[in-house]
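Close look at the chain arrangement
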Amino acid sequence: MTDILPKKNEEYGTKEYWDQRYSQESEDSSFDWFKSYSDIADIIRELIPDKSSRILMLGCGNSTLSQDMYDDGYKNIVNTDYSGILIEKMRHKHAESRPEMEWHEMDIRDLKFEDDSFDVAIDKGTMDAMMTAKADVWDPPEEVVQNCNREVDEVLRVLRKGGIFIYLTFGQPHFRRRYLDRPGTTLNIRKLGEAFHYYLYIVRT
């Protein structure tokens, strides 16, 4: 595992790092930032009561979240990641066991989907990877601010009216609210965990 960890944290925000990492990992490898589906399943079922909802997974990586949700009845999941190497591996891995899932090589800052085409969008640590630039967390670089705003702009564009954007992160509200508090939407924040806190940001359109 140590040979695929980045030398610097900011590498988590580069396509080159992820392409190299996924090319070294086996198809059966998986990695989840913080919570697994079993930890948040009750909350997901509450927030997404309709299991036929069209769900966009932003920066899916090789997390087991999509497959666990699929196995729990959410069959209409569209996975995106900007690593084409990863997408091909995941498409092949799940082709027979989870045939209804879609896999697309795509940058979350420039989604290629139509407006108003999803009921739900989920980000589990992807925005965090764009925030790993070496800088003052209280005053992030303009590039970080632009990237995070572009992601949320794109998410709100592809969500239908009445849709929901679910973002799971360790980032505290002071550092995340600026990107998520948008006109015409409502933002709810839940704190999860005990010794170490995670935050669930829920944006409704």
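Below, the structure is looked at part by part. (Residues numbered from 1 in each chain as written. Predicted model: local features only at pLDDT ≥ 70, side-chain atom pairs only at ≥ 80, totals over all residues. Heavy atoms only, no water.)

Turning to the packing of aromatic side chains, a few remarks are in order. Under the counting rule described, the total for this entry stands at four aromatic pairs. Judged by centre distance (6.5 Å) and plane angle (10°), the rings of F165 and Y167 are stacked. Taken as a pair, F165 and Y167 share a single burial class, namely buried. Through successive ring pairs, a cluster of aromatic residues spans F165, Y167, Y199 and Y201. The aromatic ring of F118 is capped on one face by R54, whose charged end is 4.2 Å from the ring centroid. (Phe/Tyr/Trp six-rings, centres within 6.5 Å; stacked < 30°, edge-to-face > 60°. Buried < 20%, exposed > 50% of the residue type's maximum accessible area, 1.4 Å probe, protein only. Lys NZ or Arg CZ within 6 Å of the ring centre and 35° of its normal.)

Running from N to C, helix 6 (residues 142-158) and helix 7 (residues 173-180) cross one another at 55°; their axes reach a closest spacing of 9 Å. Comparing their axes, helix 7 and helix 6 come out oblique. The segment helix 6 lies against helix 7, with V144, V145, C148, N149 and V152 engaging R178, Y179 and L180. Partitioning the contact of helix 6 with helix 7 into residue classes produces six nonpolar, one polar and one charged. (Axes fitted to C-alpha atoms, helices over the stretch in contact; angles between N-to-C directions. Helix = DSSP H or I, 4+ residues; strand = E, 2+ residues; numbered from the N terminus. Parallel < 35°, antiparallel > 145°, perpendicular 65-115°, else oblique. Contact = heavy atoms within 4.5 Å. Nonpolar A, V, L, I, M, F, W, Y, C, P; charged D, E, K, R; others polar.)

I48, M69, I122 and I166 are the most contacted members of the largest nonpolar core, which has 29 residues in total. Residue assignment for this core shows that the elements contributing at least two residues are helix 2 (37-47), strand 1 (55-58), helix 3 (65-71), helix 4 (84-94), strand 4 (118-124), strand 5 (159-169) and strand 7 (198-204). When near neighbours in sequence (up to four residues on either side) are disregarded, I48 contacts S53, I55, M69, Y74, V120, I122 and I166. Within the second largest apolar cluster, 26 residues are counted, among which are I108, F118, A121 and F165. (Core = buried A, V, L, I, M, F, W, Y, C linked by side-chain atoms within 4.5 Å.)

A few words on the pairing of strand 1. Across the two faces of strand 1 the burial is the same, with I55 and M57 and L56 and L58 all buried. Note: strand 1 against strand 2 (residues 77-81), four bridges, orientation parallel. Bridging across to strand 2, I55 finds its partner in I77. Crossover connection from strand 1 via helix 3 to parallel strand 2: handedness right-handed. Inspection of the sheet shows strand 1 paired to strand 4 by four bridges, in the parallel sense. Following the sheet pairing, I55 is matched in strand 4 by V120. (Pairing = 2+ DSSP bridges. Right-handed = clockwise from strand over helix to strand, strands pointing away.)

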